[in-house]
Amino acid sequence: MQATQAQISPKELALFDLDHTLLDVDSDYLWGEYIVKHELVDEAQYRTANQKFYQDYIEGTLDATEYNEFVAQFLSSLPMDRLHELREDYIKSEIEPHIRPKAMEVLCQHVEKGHEVVIISATNDFVVSAIAKRFGIEGANVLSTPLEIKNERYTGKLTDKPNFKEGKIYHLNKWLDKQQSAGTTFDKTYAYSDSKNDIPLLEWADVAICISPDEALHAHALAHRWAVEDWSI
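Residue numbers here run from 1 along each chain, matching the order of that chain's written sequence. Owing to the predicted nature of the model, reporting of local features is limited to residues with pLDDT of at least 70; listing and counting of side-chain atom pairs is limited to 80 or more, with chain, interface and lining totals taken over all residues. Computation of side-chain values covers all heavy atoms of the structure but excludes hydrogens and water.

## Description of the packing of helix α3 (residues 43-59) against helix α4 (residues 64-75)
At a closest axis distance of 11 Å, the pairing of α3 and α4 adopts a crossing angle of 150 degrees. Relative to α4, the element α3 is oriented roughly antiparallel. Crossing of α3 over α4 shows left-handed handedness. Taken together, the residues of α4 that come into contact with α3 (itself represented by Y46, A49, N50 and F53) are E66, Y67, F70 and V71. In the scheme used here, Gly and all other residues not listed as nonpolar or charged are polar, with Ala, Val, Leu, Ile, Met, Phe, Trp, Tyr, Cys and Pro taken as nonpolar and Asp, Glu, Lys and Arg as charged. Classifying every residue of the contact of α3 with α4 by side-chain character gives 6 nonpolar, 1 polar and 1 charged. Note on definitions: angles span 0 to 180 degrees between N-to-C directions of axes, and those axes are lines fitted to C-alpha atoms, for helices only across the stretch in contact. Each helix corresponds to a stretch of at least 4 residues labelled H or I by DSSP, and each strand to a stretch of at least 2 residues labelled E; elements are numbered beginning at the N terminus. Oblique is the label for any angle not under 35 degrees, not over 145, and not in the 65 to 115 range, which are roughly parallel, roughly antiparallel and roughly perpendicular in turn. Crossing handedness is read from the near helix: turned anticlockwise from the far helix by less than a right angle, it gives a left-handed crossing, and turned clockwise, a right-handed one. What makes two residues a contact is simply this: any of their non-hydrogen atoms within 4.5 Å.

## A few points about the pattern of salt bridges
For side chains of opposite charge, pairing can occur when their charged atoms come near one another. We define a salt bridge as a contact between a side-chain nitrogen of Lys or Arg and a carboxyl oxygen of Asp or Glu at a distance within 4 Å. Scanning the entire structure with this criterion turns up 15 salt bridges. We note a salt bridge from E105 to K102, for which the minimum N-O separation is 3.6 Å. Here E105 pairs with K102, and both are found in helix α6 (residues 101-112), just 3 residues apart, close to one helical turn. Of the residues examined, E105 reaches a relative accessible area of 39% and is grouped as partly exposed. Salt-bridge contacts for K174 lead to D160; the nearest nitrogen and oxygen are separated by 2.7 Å. Residue K174 is found in helix α8 (residues 166-181), and its partner D160 is found in the loop between β5 (153-158) and α8; the two are separated by 14 residues along the sequence. Burial classes: relative accessible area under 20% of the type maximum marks a residue as buried, over 50% as exposed, and values in between as partly exposed (1.4 Å probe, protein chains only). In this structure D160 comes out as partly exposed when scored by relative accessible area, which is 24%. The network of salt bridges with shared partners includes E88, K92, E96 and R134.

## Description of the pairing of strand β3 (residues 142-145)
The pairing of strand β2 (residues 116-124) with β3 spans 3 bridges and is parallel. Bridging across to β3, N124 finds its partner in T145. Look down the strands so they point away from you; if the path from the first strand over the helix to the second goes clockwise, the crossover is right-handed. A crossover links β2 with its parallel partner β3, the connecting element being helix α7 (residues 125-134), and its sense is right-handed. Paired strands are those between which DSSP finds at least two bridges.

## What about the packing of helix α2 (residues 27-37) against helix α5 (residues 80-95)?
Taken N-terminus to C-terminus, the directions of α2 and α5 make an angle of 110 degrees; their axes are 11 Å apart at the nearest point. Considering the angle they form, α2 stands roughly perpendicular to α5. Crossing handedness for the pair α2 and α5: right-handed. Contacts from S27, L30, W31, Y34 and K37 in α2 reach L86, R87, D89, Y90, S93, E94 and I95 in α5. In terms of residue class, the contact of α2 with α5 is made up of 6 nonpolar, 2 polar and 4 charged.

## As for unusual backbone geometry
Residue N151 is not a glycine yet carries a positive backbone phi of 55 degrees. Mapped onto the elements, N151 comes out in the loop between β4 (147-150) and β5. One non-glycine residue with positive phi stands out, namely R225, at about 60 degrees. Tracing the chain through its elements places R225 in the loop between α10 (215-224) and β8 (227-229). Residue class for R225 comes out exposed when judged on its relative accessible area of 80%.

Purely spatial values, then, with no claim about function.
What follows is the structure, given as structure tokens:
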């Protein structure tokens, strides 16, 4: 049953990109480097492909479905408990040292003000869901690229569109529909990102904040009088 108008209570919403926004690194790329370093994949083959996809991302030409299926193929090769062990070690060794203190400070300020905080990332849900917990954000408020699981194993496929570029608006709108059905709407929205790939998300928000932005986003931010902040560590 949908909430009646009287039951709907407006709030403020803060959307945070993950890689090079909350983190000083790219968690997707680092996961690939991690499994190479631990000899879980063929080094030459995997690293070459991983670097090519990362370069495509930087250049704005990434085929996000192809890339996420590439990542998911490795995940499909191991049982879930082993993947969780690897992920925990990866987060402790490769991610925690790169959490930006300023990012944590700003995110916590939104939480303290009673705002709804969402992490919205193009990276897959296997990686993002666990990193988000380091920021105190649980699964219902994590939007990422969804990977398919059947019989407790990853299949190597996606269950929906990649959460990338305009795909972030697609997944965000689905999330907002659920929020409205539960009685919550948002009368002011903020979006934080570093990347030109997130211009659609930043344009969607009432307040756009560009975090240590790439060259293209920096130029766009200046032209549109968006805030620019340096959170790098």
